[in-house]
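What the coordinates show
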Amino acid sequence: MNERGNSDKFKSVVNKVKGEAKDQFGNATDDPMLQAEGKLDKLKGEAQQEIGEFKDRFGNYKNERR
């Protein structure tokens with residue numbers, strides 16, 4: 001496993017949890033800006049997860065080619 005990929009995956013989980021909390025709190029307090037921030041954080045987390053998976057696959061590919 002690639003350490004760089006794991007770092008991105010960890011960050012993705014943090015952003016998804018933070019985003020969900022903001023989204024839910026914004027919903028509870030009727031704050032559409034906070035909800036939007038939460039949705040953006042969740043999207044950022046999804047992107048980071050994809051980047052981490054790509055790095056894992058690319059790292060494995062590089063190691064196989066050696």
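Scroll up to find the structure.
Per chain, residue numbering runs from 1 following the sequence as it is written. It should be noted that, the model being predicted, local features are given only for residues of pLDDT at least 70 and side-chain atom pairs only at 80 or more, the latter also being counted only at that level, while totals for whole chains, interfaces and linings use all residues. Note that the side-chain values use all heavy atoms of the structure and ignore hydrogens as well as water.

1. Thoughts on the overall build of the chain
The condition is simple: Secondary structure counts use DSSP, requiring at least four H or I residues in a row for a helix and at least two E residues in a row for a strand, with both numbered from the N terminus. For the exposure calls, accessible area comes from a 1.4 Å probe over protein chains only, and a residue counts as buried if that area is under 20% of its type's maximum, exposed if over 50%, partly exposed in between. It only takes one pair of heavy atoms within 4.5 Å for two residues to be counted as in contact. Here the open area of atoms and residues is found with the Shrake-Rupley method and a 1.4 Å probe, where only the protein chains shown may cover a residue.
Across its full length, the chain carries two helices and zero strands. The proportion of buried residues among the 66 residues of the chain is 24%. Considering only contacts in the chain between residues 6 or more positions apart, those separated by 24 or more positions represent 63%. Taken as a whole, the chain presents about 5000 Å² of accessible surface, with 57% of it coming from carbon and sulfur.

2. Notes on unusual backbone geometry
Generally, phi is negative for residues other than glycine and the peptide bonds are trans, each holding for most cases. In this structure, Asp 30 is a non-glycine residue whose phi angle is positive, near 55°. Note that Asp 30 resides in the loop between helix 1 (3-28) and helix 2 (32-65).

3. Topic: the environment of Phe 10
With respect to the secondary-structure elements, Phe 10 resides in helix 1. When the C-alpha positions of Phe 10 and Gln 49 are compared, they lie 8.1 Å apart, and in sequence the two are 39 residues distant.

4. A closer look at the pattern of salt bridges
Selection rule: The salt bridge criterion pairs a side-chain nitrogen of Lys or Arg with a carboxyl oxygen of Asp or Glu, the two atoms within 4 Å.
Counted under the stated rule, the structure contains eight salt bridges. The residue Lys 16 makes a salt bridge to Glu 46 at a minimum N-O spacing of 3.4 Å. Of this pair, Lys 16 sits in helix 1 while Glu 46 sits in helix 2, and the two are 30 residues apart along the sequence. A relative accessible area of 23% places Lys 16 in the partly exposed class. Here Glu 46 falls in the partly exposed class, since its relative accessible area comes to 40%.

5. Some points on the side chain of Asp 41
Here Asp 41 lies in helix 2. Among all residues touching Asp 41, those that are not within four sequence positions of it are Asn 15, Lys 16, Lys 18, Gly 19 and Lys 22.

6. Considerations on the side chain of Asp 56
Relative to the helices and strands, Asp 56 is located in helix 2. Taking the relative accessible area as the measure of exposure, Asp 56 reaches 7% and is therefore buried.

7. Description of the environment of Phe 54
When you line up the elements, Phe 54 lands in helix 2. Judged by its relative accessible area of 48%, Phe 54 is partly exposed. With 49 residues separating them in the primary sequence, Phe 54 and Gly 5 have C-alpha atoms 7.4 Å apart.

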